[in-house]
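# Breakdown of the fold
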Amino acid sequence: MLIDTHCHVDRFPNPLELAHECESQHILTMAVTNVPSHYEAAVEHLSSLRFVKPALGFHPLAVSDNEKEVDVFVSAVKSVQFVGEVGLDFSSEGIKSRMEQLRVFRQIAESLSDNSRFVTLHSRGSANDVVSVLEEYSVAPCVFHWYSGSSSTLKRLLDFNHYCSVNTAMLASKKGRSVLETVPRERVLTETDGPYVKVGKRVARPTDVRQIIEGIAEAWNVSVEDAEAQVSDNFMKLCQQVNIPMEDHA
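Described below are features of the structure shown in this document.

## Examining the sheet that holds strand β2 (residues 27-31)
If you trace the three strands from one edge of the open sheet to the other, you get β1-β2-β3, paired in parallel fashion. Either end of the sheet is taken by a strand with one partner, and the two such strands are β1 (2-7) and β3 (52-54). The sheet shows a mean angle of 15° between the axes of neighbouring strands, taken without regard to direction. Bridge count between β2 and β3: three bridges; the pairing is parallel. Across the sheet, M30 pairs through a bridge with K53, a residue of β3. Where helix α1 (residues 15-24) meets the sheet, it contacts β1, β2 and β3, and its direction lies at approximately 130° from that of β3.

## Examining α1
Burial in α1 covers these residues: L18, A19, C22 and E23. Each buried residue of α1 sits inside an arc of 145° when the element is viewed along its axis, so together they form one side. For α1, the exposed residues set more than 90 degrees away from the buried face come down to E17 and S24. Summarising the contacts, the buried residues of α1 are in contact with β1, β2, α2 (36-46) and β3.

## Notes on helix α9 (residues 209-220)
Taking 1.5 Å of rise per residue, 12 residues should cover 16 Å, and α9 covers 16 Å from first to last C-alpha, within 8% of that figure. Those residues of α9 that sit buried are V209, I212, I213, G215, I216, A217 and W220. Against β1, β7 (163-166), α7 (168-171), α8 (174-182), β8 (188-190) and α10 (224-241) lie the buried residues of α9. After α9 finishes, the residue N221 shows a positive phi value of roughly 60°.

## Description of the packing of helix α5 (residues 127-136) against helix α6 (residues 151-159)
Two numbers describe a pair of packed helices, the interaxial angle and the distance between the axes. At a closest axis distance of 9 Å, the pairing of α5 and α6 adopts a crossing angle of 20°. By the angle class used here, α5 and α6 are roughly parallel. Seen along the crossing, α5 lies across α6 with a hand that is left-handed. Contact residues: α5 offers A127, N128, V131, S132 and E135, while α6 offers T153, R156 and L157. Classifying every residue of the contact of α5 with α6 gives three nonpolar, three polar and two charged.

## A closer look at the pairing of strand β5 (residues 118-122)
Buried residues dominate β5, accounting for five of its five residues. Here β5 shows no split at all, with F118, T120 and H122 on one side and V119 and L121 on the other all buried. Sheet analysis places strand β4 (residues 82-87) next to β5, joined by four bridges and oriented parallel. Of the residues in β5, the one forming a bridge with V86 is L121. As for the winding sense of the linkage, the β-α-β connection from β4 through helix α4 (residues 98-111) to β5 is right-handed.

## Things to note about the layout of surface pockets
Estimated volume of the largest pocket: approximately 380 Å³. Taken together, 17 residues form the lining of the largest pocket, with H59, H122, R124, H145 and D193 sitting closest to its centre.

## With respect to the state of the cysteines
One pass over the structure, following the stated rule, counts zero disulfides. As a non-bridged cysteine, C7 has C22 as the owner of its nearest cysteine sulfur, 6.3 Å distant. We note that C239 lacks a disulfide partner, and the nearest cysteine sulfur, in C142, lies 13 Å from it. Here C239 falls in the buried class, since its relative accessible area comes to 1%.

## Details of empty space enclosed by the protein
Following the criterion strictly, the structure yields one cavity of 30 Å³ or more and no others. Computed from the structure, the largest cavity encloses a volume of approximately 40 Å³. Lining the largest cavity are L112, N115, S116, R117, V119, V139, A140, P141, C142 and V242. Grouping the amino acids of the lining of the largest cavity by side-chain chemistry returns seven nonpolar, two polar and one charged.

## Quick notes on the sheet that holds β7
Across the sheet, which stays open at both edges, the five strands sit in the order β4-β5-β6-β7-β8 with parallel pairing between neighbours. Where the open sheet ends on each side, the last strands, each with one partner, are β4 and β8. Adjacent strand axes in the sheet meet at a mean angle of 30°, parallel and antiparallel pairs treated alike. Strands in contact with α10 are β5, β6 (143-145), β7 and β8; relative to β8, the strand with the most contacts, it is inclined by about 105°.

Calculation notes
All residue numbers refer to position in the chain's written sequence, counted from 1. Local features in a predicted model are, by the rule used here, given only for residues with pLDDT of at least 70; side-chain atom pairs are given and counted only at 80 or more, and totals for whole chains, interfaces and linings are based on all residues. Only hydrogens and water are set aside when side-chain values are computed; all heavy atoms of the structure are taken into account. Strand pairing is assigned whenever DSSP identifies at least 2 bridges connecting the two strands. Here a strand is any run of E in DSSP of at least two residues, a helix any run of H or I of at least four, and the numbering for each starts at the N terminus. Interaxial angle, 0 to 180 degrees, is taken between N-to-C directions of lines fitted to C-alpha atoms, where a helix line uses only the stretch in contact. Note on contacts: a residue pair is in contact if any heavy atoms of the two residues lie within 4.5 Å. Three exposure classes are used, based on accessible area relative to the maximum for each residue type with a 1.4 Å probe and protein chains only: buried under 20%, partly exposed in between, and exposed over 50%. Working definition: the arc comes from the directions between the helix axis and the C-beta atoms, pointing outward to the latter. Between the first and last residue of a helix there are one fewer steps than residues, each counted as 1.5 Å, and that sum is the expected span. Convention used here: angles under 35 degrees read as roughly parallel, angles over 145 as roughly antiparallel, angles from 65 to 115 as roughly perpendicular, and any remaining angle as oblique. Left-handed describes a crossing whose near helix is turned anticlockwise from the far helix by less than a right angle; the clockwise case is right-handed. By the convention adopted, Pro, Cys, Tyr, Trp, Phe, Met, Ile, Leu, Val and Ala count as nonpolar, Lys, Arg, Asp and Glu as charged, and the other residues, Gly among them, as polar. Throughout, right-handed denotes a crossover for which the path from the first strand over the helix to the second runs clockwise when the strands point away from the viewer. Only protein atoms enter the 1 Å grid used here. Points where a 1.4 Å probe fits but cannot escape make up a cavity, open sets with protein on both sides within 12 Å along at least five of seven lines make up a pocket, and a residue lines them when an atom lies within 4 Å of a point. Grid points are joined across faces, edges and corners, and a volume is the space filled by probe spheres set on the points. Here, a disulfide means two cysteine sulfur atoms that sit within 2.5 Å of each other.

As structure tokens, then:
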């Protein structure tokens, strides 16, 4: 089974067309959102689909302009199975809102402390802090999307049983391939981060998971079929850990 654990479906020019493409090709896709109100809209349009799963999100770069939505997130999270993307961003783009982000992420982490949801995380320039907040509220396991932090923090998050998802941009970079080489095979997942990642001159879309699987297979020196089976098993195991029934997709 092909799985895209992190795709911004609502950021494509025609989200419904993309969603139905995932559905017709049986690509299990986590439709992450940037603010809780976008999640509510996603549910309205995607709830009838089997392979596209809306995820409740609050992107760290959206926090400063949408703090009133914190309560919306905390209320909504009680009834969702998929969360993303959430986390911290201390890059040059986000460092000015560092304290606001930390305050909101702690509230989010507290709401996730029962560990009954699939969670995909943003950690640009902030991976160590993200791991610390998750540890503070005993939130694990989660998925670190497009991990770009230090090797020491990578080891730390792996010690806490977190996962990492890999996209085409990571496979094309020395840093990203190093992450893939370090993460145990049973903790690797796939993502596209479309439309924010490009494949050639076009934006990535869930169908590009096939290409990611091929890259993982090459890195692992295994067949494409074996790589796909391993990633699928990893996803199912994670869902089992957080008590999300996925038998219909086995």
